[in-house]
Amino acid sequence: MIDLNMLNKTPNDIGKLIAGRVKKIRKRKKITQEELSERSGVSYGSIKRFERTGEISFISLIKIAKALEIDGQIQDLFERVPYDSIEEIIREQHE
């Protein structure tokens, strides 16, 4: 199902949205940015920038997710992408 709220968002908007969610989880778990840096191996500066701007490398995001014990969310990324047409289903079956 298409999330209509995401259709008009830019990549920067989506990055900030995800960063806000990660920050909320970090705070809920009572972990400081410094502690998250130590646990994840991602530099303190990168974590600060991520929470402020939403910009981070995908590998660093995975490390942060593992440190917060939410990496299952990333492992499920693109797992259940709906088909747009019957042709897509047929094409996939012949691969």
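The following refers to the structure shown. (Residues numbered from 1 in each chain as written. Predicted model: local features only at pLDDT ≥ 70, side-chain atom pairs only at ≥ 80, totals over all residues. Heavy atoms only, no water.)

### Here we look at helix H3 (residues 33-40)
Moving on, step 1. All buried positions along H3 are accounted for by Gln33, Leu36, Ser37 and Ser40. Burial along H3 is one-sided: seen end-on, the buried residues are contained in an arc of 105 degrees. Seen from the open side of H3, the exposed residues pointing more than 90 degrees away from its buried face are Glu38 and Arg39.
Moving on, step 2. For H3, the elements touching its buried residues are helix H2 (11-28), helix H4 (44-53) and helix H5 (58-67).
Moving on, step 3. Following H3 by one or two positions, Gly41 has its phi on the positive side, about 80 degrees. (Buried < 20%, exposed > 50% of the residue type's maximum accessible area, 1.4 Å probe, protein only. Helix = DSSP H or I, 4+ residues; strand = E, 2+ residues; numbered from the N terminus. Arc of directions from axis to C-beta. Contact = heavy atoms within 4.5 Å.)

### Overview of a nonpolar patch on the surface
Moving on, step 1. Together, Phe58, Leu77, Phe78 and Val81 make up a nonpolar patch on the protein surface, roughly 440 Å² of accessible area in all.
Moving on, step 2. Residue class for Phe58 comes out partly exposed when judged on its relative accessible area of 45%. (Patch = residues over 30% accessible without salt bridge, like charges linked within 9 Å, V, L, I, M, F, W, Y side chains within 5 Å. Areas by Shrake-Rupley, 256 points an atom, 1.4 Å probe, with all protein chains shown as cover. Salt bridge = Lys/Arg side-chain N within 4 Å of Asp/Glu carboxyl O.)

### Observations regarding the pattern of salt bridges
Moving on, step 1. Considering all chains together, one arrives at two salt bridges under this definition.
Moving on, step 2. One salt bridge in this structure joins Arg26 and Glu51, with 2.6 Å as the shortest N-O distance. Taken together, the residues span a long stretch of sequence, with Arg26 in helix H2 and Glu51 in helix H4 at a distance of 25 residues. The exposure classification of Arg26 matches that of Glu51, with both residues buried.
Moving on, step 3. Close ionic contact of Asp71 with Lys66 constitutes a salt bridge, the shortest N to O distance being 3.6 Å.

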